Amino acid sequence: MAQNEYSAIAQQGLWKNNPALVQILGLCPLLAVTSTVINGLALGLATMLTLVLSNVTVSLIRNFVSPEIRIPVFVLVIASIVTVIELAMHAYFHELYLILGIFIPLIVTNCAIIARAEAFASKNPVFPAFLDGLMMGLGFAAVLVVLGSMREVLGQGTLFANAHLLLGDIALGFEITVIEDYRGFLLAVLPPGAFIGLGILIALKNVIDSRLEKRRQPAPLISTEAKATAA
Amino acid sequence: MLITALLLGIFAILGTGLVALTFQNTEERIEQNEREYFLRTLNALVPSSVYDNVLYEDLITVESATLLGSKKPVEIYRARKDGKPVAAILTPIAPDGYSGNIKLLIAIRYEGEIMGVRVVSHLETPGLGDGIDIAKSDWIDSFNGHSLANPDELGWRVEKDGGIFDQFTGATISPRAVVKAVYNSLKYYQQHRDKIFSLSSPSPKDEQNGAE
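Residues numbered from 1 in each chain as written. Chains lettered and ligands numbered in written order. Predicted model: local features only at pLDDT ≥ 70, side-chain atom pairs only at ≥ 80, totals over all residues.

1. Focus: the overall build of chain B
The secondary structure content of chain B amounts to 4 helices and 6 strands. Order of helices (α) and strands (β) in chain B, N terminus to C terminus: α-β-α-β-β-β-β-β-α-α. Relative to the 2.2 N^0.38 estimate, which gives 17 Å for 212 residues, the radius of gyration of chain B is 22 Å and therefore markedly larger than a compact globule would have. Its C-alpha atoms put chain B at 80 × 45 × 30 Å along the principal axes. Of all 212 residues assigned to chain B, the portion counted as buried reaches 31%. (Helix = DSSP H or I, 4+ residues; strand = E, 2+ residues; numbered from the N terminus. Rg over C-alpha atoms; globule rule 2.2 N^0.38 Å. Buried ≥ 20, exposed ≤ 12 C-beta atoms within 10 Å, placed from the backbone.)

So this is what it looks like as structure tokens:
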């Protein structure tokens, strides 16, 4: 496979077809756990790992699983992977597991994972499938981290609180107090703040996209597009 | 068709096998984590230097819907040194929080003084009622050193109701519920102190029957 095809996969996952900002998949964990950067990062990493493993497995078995049973097999593969990750987290990141709680097993229900298995991994060789899982996972994790930092700064005036739960004792001093003596902003902590934050991120992405588009396109096209947006 | 079914079966076995294998390898560690985590919480209330028994195994379950807030059995952990009682840790529930039950740990010195209180789980409003949680504010430490007679019955309320314990701005219900639950636990402790320390820990089998 050519080099530019790999970069196309990366672009799809990270930006053009980002699971959180464009496909709007996996909203439940996205909105629920992004109250701090570290929570977002932890769930993002777990989701990315699941995506990579499930994409690779599905790609490996794609040639001898017949179409009738492919969906149940994919579900089985994903559920097993997530359960293994959940058990491992419970064993090695116990306190983080307590915070993320139900959202680790709920990775199973993140539609982004079965969507990538069905739409990409089941039709492509192992390496592109691996890359697609990695990039989609990175794209999803990036949104979790950005949304988590927005909500953490606005909600409690800190960044990287509880970093040691994920990164070990080295990270004990990582917490940054962005705003001293901050009383907290309740809306950012509560679920509505997550919805508003995600809305702002999606809007921001669309603004950037349309700016890029304008720069690329010749003049006449801009005016028709501007009309279309204005209408 | 048969091959397809067989294939599906094989995947089911492989998937379950993988999960079972991981479970076996992590089971011990997970149990140990949970024990250590719980023991850390207990030790935050009763420092490990003041007792020498296996705290999380030395427990009894009791029932008192009126004083301990739950119709279900409530655990009491007992700390002893050289066989003599040092402190008891009660795990009552404050049933009248703003949203749902507030689960508490209350450590009471043998003589009846409070060593510490912690909220184990709650659903109070973030930013308002969640000040009862040690992660958000140290309000919960204001109980330390108090006992049933200090302050008197009228003092065991939040300030708004004429007592000595602070409420928070915008949230009276959560602190009120906690103060009441702590007071009731002290009452329970006073009435049953000898029984609490003399009952022997049930064997696992009894425990199971008790939970039903």
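2. With respect to the interface of chain A and chain B
Facing the 21 residues of chain A at the interface are 17 residues of chain B. Elements supplying a minimum of two residues to the side of chain A that touches chain B: helix 4 (70-92) and helix 9 (186-189) of chain A. The leading source of residues in the side of chain A that touches chain B is helix 4 of chain A, at 12 residues. The residue makeup of the side of chain A that touches chain B, split by class, is 14 nonpolar, 6 polar and 1 charged. (Contact = placed C-beta atoms within 7 Å. Nonpolar A, V, L, I, M, F, W, Y, C, P; charged D, E, K, R; others polar.)

3. Observations concerning helix 3 (residues 173-198) of chain B
Every α-helix winds through 3.6 residues per turn, so residues three or four apart in the chain are directed the same way. Here helix 3 of chain B contains 26 residues, and its C-alpha end-to-end distance of 36 Å stays within 8% of the 38 Å for a straight helix at 1.5 Å per residue. At H192 of chain B, helix 3 of chain B shows its maximal bend, which comes to roughly 80°. (Expected span 1.5 Å × (residues − 1). Bend = angle between axes of the 7 residues up to and from the residue.)

4. Details of the pairing of strand 6 (residues 114-121) of chain B
All names here are of chain B. Bridging between strand 5 (residues 102-109) and strand 6 involves 6 bridges; their strand directions are antiparallel. Bridging from a neighbouring strand, I106 pairs with V117 of strand 6. In this antiparallel pair of consecutive strands, strand 5 and strand 6, the connection spans 4 residues, and G112 shows a positive phi of 110°. (Pairing = 2+ DSSP bridges.)

5. Some words on helix 1 (residues 2-45) of chain B
With 44 residues, helix 1 of chain B should cover 64 Å at 1.5 Å per step; its first-to-last C-alpha distance of 62 Å lies within 8% of that length. Taking the largest bend as the criterion, helix 1 of chain B deviates by roughly 45°, centred on T26 of chain B. Where helix 1 of chain B is buried, its residues contact helix 4 of chain A together with strand 2 (70-81), strand 3 (84-90), strand 5 and strand 6 of chain B.

6. Comments concerning unusual backbone geometry
Residue P151 of chain B is reached from N150 of chain B by a cis peptide bond, and omega for that bond is 0°. Tracing the sequence through the fold places P151 of chain B in the loop between strand 6 and helix 3. The phi dihedral of I24 of chain A is positive, around 50°, even though this residue is not glycine. In this fold, I24 of chain A is placed in the loop between helix 1 (3-16) and helix 2 (27-33).

7. So, the confidence of the model for chain B
Looking at chain B as a whole, the pLDDT averages 87, with 95% of positions reaching at least 70. Complex prediction metrics read pTM 0.76 and ipTM 0.73. (pLDDT = per-residue confidence, 0-100.)

8. Remarks on the packing of helix 4 of chain A against helix 1 of chain B
The interhelical angle for the contact between helix 4 of chain A and helix 1 of chain B, taken along N-to-C directions, is 10°, at an axis separation of 8 Å. Compared by their axis directions, helix 4 of chain A and helix 1 of chain B come out roughly parallel. Contacts from P72, V73, L76, V77, A79, S80, T83, V84, L87, A88, H90 and A91 of chain A in helix 4 of chain A reach L8, F11, A12, G15, L18, V19, T22, F23, T26, R29, I30 and N33 of chain B in helix 1 of chain B. Classifying every residue of the contact of helix 4 of chain A with helix 1 of chain B gives 16 nonpolar, 7 polar and 1 charged. (Axes fitted to C-alpha atoms, helices over the stretch in contact; angles between N-to-C directions. Parallel < 35°, antiparallel > 145°, perpendicular 65-115°, else oblique.)

9. Some points on the environment of R183 of chain A
Residues and elements named next belong to chain A. Turning to its location among the elements, R183 is positioned in the loop between strand 2 (176-177) and helix 9. What makes R183 exposed here is the crowd of 10 C-beta atoms within 10 Å. For the pair formed by R183 and S210, sequence separation is 27 residues and the distance between their alpha carbons is 38 Å.

10. Looking at the pairing of strand 3 of chain B
Looking down a regular strand, the side chains alternate between one sheet face and the other. Residue and element names in this part refer to chain B. In terms of residue burial, strand 3 counts as a mostly covered element, since 5 of its 7 residues are buried. Across 6 bridges, the pairing between strand 2 and strand 3 is antiparallel. Within strand 3, the residue paired with A79 across the bridge is A87. The antiparallel hairpin formed by strand 2 and strand 3 contains 2 residues in its connecting segment, where D82 sits at a positive phi of about 50°. Alignment of strand 3 against strand 5, held across 4 bridges, turns out to be antiparallel. Bridge pairing in strand 5 links I89 to A107.

11. Quick look at the confidence of the model for chain A
Per-residue pLDDT for chain A has a mean of 84; in total, 93% of the residues score no lower than 70. The model gives residues 225-231 of chain A a pLDDT under 50, and that stretch makes 0 contacts with residues more than four places away or in other chains.

12. Comments concerning the environment of A88 of chain A
Within the element layout of this structure, A88 of chain A appears in helix 4. Non-local contacts of A88 of chain A, meaning those with residues more than four positions away in its chain, are made with T22 and T26 of chain B.

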